[in-house]
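The primary structure of each chain is shown beneath.
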Amino acid sequence: MWNINNMKNFTSVHDAEDIPKLVEEAIRLKADPLQSRIGHNKTLGLIFFNPSLRTRLSAQKAGYNLGMNVIVMNVDKDGWKIEFEDGAVMNGDSQEHIRDAVKVISSYVDVLGVRTFPELQSREDDYSEKVLRQFMEYSEVPVISLESATLHPLQSLADLVTIEEYLIKKPKVVLSWAPHPKALPQAVPNSFLQWIKKTDAHVVLTCPKGYELADEFMNGVEVIHDQYEAFEKADFIYAKNWSGYHDYGKILPVEEDWTITKDKMDVTRQGKFMHCLPIRRNVVATDEVIDHSIVYQQAKNRECSAQAVLKNILESHG
Ligand code: CP
């Protein structure tokens, strides 16, 4: 069967061999969602350790569009307490080891998606992707990341699809840090930089000093600490909060107001405001900015993006 990406698993940008073709395929599937029923008689399993609205529903819908059966489990609420340490003597709270749980789950499904967040306590633990790696090690079937400790590739693919829909050649794309009352993961900004750097976009990151991301994501990205200057003539503003990478998991003191306002959007080139959602209104961005944004288009594109990934995985695995 024709397969553009020979996809075994989908956990980062490195699993997509041909990103422009994957984006094209997602756009084709958006126009005609029922064009392929390659998933007929196959089962998609979606396992959540953390809350989700968009990822859960869009992945379910994507599976149904391809003719798949879909089963979903909130393992943090409905399952036994999972032990992640190898060799653990399980005489405490944990009732089931991750290797047993994943072996069993993967015996019921043909493709397995998993969402897990970082704990934001130890950078080494989170960046080792302990949970996702164990799913990949113990699963008998392909694994899709529904957001991991450090990356959110399904979101990033939807972001590229959304930008591509505007057909702007060499767009200026600004990733802007924005305020938030709680410490959040770096997965969305890390992943967005990984993916957007694969396009022809001029990529700028703006954040308060101290909020720089890991070098592997920042390499090749222009950094401007003045938010107004960074926004000048931008075609897209992608807002997101994240906690410190260098001062790991911390909320650092910030003096200026980094909330995205209409005044700031006015210095862009009629720039489109993007956010992965959920968004805290009038903290990350004002109502006015969000209500004139493309965030719902972005969220809608989660469905065709997940469908393109699932289709490629099913094609790769016969
Ligand atoms: N953007 C995103 O992943 O949304 P959910 O957390 O609701 O899935």
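Refer to the structure presented above.
What you see is a predicted model, and the numbers here were worked out from it, not measured in a lab. (Residues numbered from 1 in each chain as written. Predicted model: local features only at pLDDT ≥ 70, side-chain atom pairs only at ≥ 80, totals over all residues. Heavy atoms only, no water.)

(A) Quick peek at unusual backbone geometry. Geometrically, the link from L277 to P278 is a cis peptide bond, its omega value of 0° lying close to zero. Mapping P278 onto the fold places it in the loop between β11 (272-274) and α12 (287-291). Unlike most non-glycine residues, E147 shows phi in positive territory, near 115°. Overall, the relative accessible area of 8% leaves E147 in the buried class. Not every positive phi belongs to a glycine, and K233 is a case in point at roughly 60°. Tracing the backbone shows K233 in the loop between α10 (227-231) and β10 (236-240). Look at K233 and you get exposed, because its relative accessible area is 56%. (Helix = DSSP H or I, 4+ residues; strand = E, 2+ residues; numbered from the N terminus. Buried < 20%, exposed > 50% of the residue type's maximum accessible area, 1.4 Å probe, protein only.)

(B) Quick peek at the site of the ligand. As a structural note, the neighbourhood of the ligand is formed by S52, L53, R54, T55, R115, H152, Q155, C276, L277 and R302. The side chain of S52 places a nitrogen or oxygen atom 2.7 Å from an oxygen atom of the ligand. T55 has a polar side-chain atom sitting 2.7 Å from an oxygen atom of the ligand. Within the complex, the protein chains bury 93% of what would otherwise be the 250 Å² of accessible surface of the ligand. (Near = heavy atom within 4 Å. Polar contact = N/O pair within 3.5 Å; in protein donor to acceptor, adjacent residues only side chain to side chain. Areas by Shrake-Rupley, 256 points an atom, 1.4 Å probe, with all protein chains shown as cover.)

(C) Expanded view of the side chain of T11. Take T11: it is sitting in the segment before α1 (19-31). When sequence neighbours within four positions are dropped, the list of residues in contact with T11 reads L132, M136, V143, S145, L151 and P153. (Contact = heavy atoms within 4.5 Å.)

(D) Spotlight on the sheet that holds strand β6 (residues 143-145). The parallel open sheet is built from four strands, whose spatial order is β2-β1-β5-β6. This sheet does not close on itself; its edge strands, each paired only once, are β2 (69-74) and β6. Ignoring strand direction, the axes of neighbouring strands in this sheet form an average angle of 20°. With respect to the sheet, helix α6 (residues 130-138) is in contact with β1 (43-48), β5 (111-115) and β6, its orientation differing from that of β6 by roughly 165°. (Pairing = 2+ DSSP bridges. Axes fitted to C-alpha atoms, helices over the stretch in contact; angles between N-to-C directions.)

(E) The arrangement of the side chain of D235 in detail. By secondary structure assignment, the location of D235 is in the loop between α10 and β10. Within the local environment of D235, its side chain forms a polar contact with the backbone nitrogen of K172, the two atoms lying 2.8 Å apart. Polar side-chain contacts of D235 include one of 3.2 Å to the side chain of R269. Not counting residues within four places of it along the chain, the set of residues in contact with D235 comprises I168, P171, K172, R269, G271 and K272.

The quantities given are spatial measurements derived from coordinates; they are silent on function.
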